[in-house]
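Secondary and tertiary structure notes
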Amino acid sequence: QVQLVESGGGLVQPGGSLRLSCAASGRIFSIDAWNWYRQAPGKQRDLVATITSAGSTNYADSVKGRFTISRDNAKNTVYLQMDSLKPEDTAVYYCSADPNVYIRYWGQGTQVTVSS
């Protein structure tokens, strides 16, 4: 079974930084795209960042210039470096992995709270 395990969330002050990790394990050999989503209570789940197997990246306008998505193929892990954090970034962050166009795996989510 394929599992995505997320870590790195926590409480941080405005202007601070956090680095989220998401490691894939199980019967998976390649991933076409990694994604980070976030969802605040009472809000919809929004796409934050994507990185493809070719290394192309895309970001939501709300995080562009502050967040960086990256991957380590040897470790089958994707990262989200979050800098200059704002209270509006508070949410549960979910990673997802797309082996192909038709399949998507999800992590369990990790809480990020930005507050003074």
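Look up: the structure comes first, before these words.
Below or above, wherever it landed, is the structure these notes cover. (Residues numbered from 1 in each chain as written. Predicted model: local features only at pLDDT ≥ 70, side-chain atom pairs only at ≥ 80, totals over all residues. Heavy atoms only, no water.)

Looking now at the overall build of the chain. The helix and strand inventory of the chain stands at zero helices and eleven strands. The globule rule puts the C-alpha radius of gyration for 116 residues at 13 Å, and the 14 Å found for the chain is close to it. Counting every position in the chain, which comprises 116 residues, the buried fraction comes to 41%. Contacts spanning at least 24 positions in sequence make up 52% of the contacts within the chain whose residues lie at least 6 apart. Surface summary for the chain: the accessible area is close to 6,400 Å², and the carbon and sulfur share equals 47%. One way to put it: in the chain the 11 positive side-chain charges average out to a point 2 Å from where the 9 negative ones average out. (Helix = DSSP H or I, 4+ residues; strand = E, 2+ residues; numbered from the N terminus. Rg over C-alpha atoms; globule rule 2.2 N^0.38 Å. Buried < 20%, exposed > 50% of the residue type's maximum accessible area, 1.4 Å probe, protein only. Contact = heavy atoms within 4.5 Å. Areas by Shrake-Rupley, 256 points an atom, 1.4 Å probe, with all protein chains shown as cover. Lys, Arg positive; Asp, Glu negative; His and termini not counted. Charge placed at Lys NZ, Arg CZ, Asp CG, Glu CD.)

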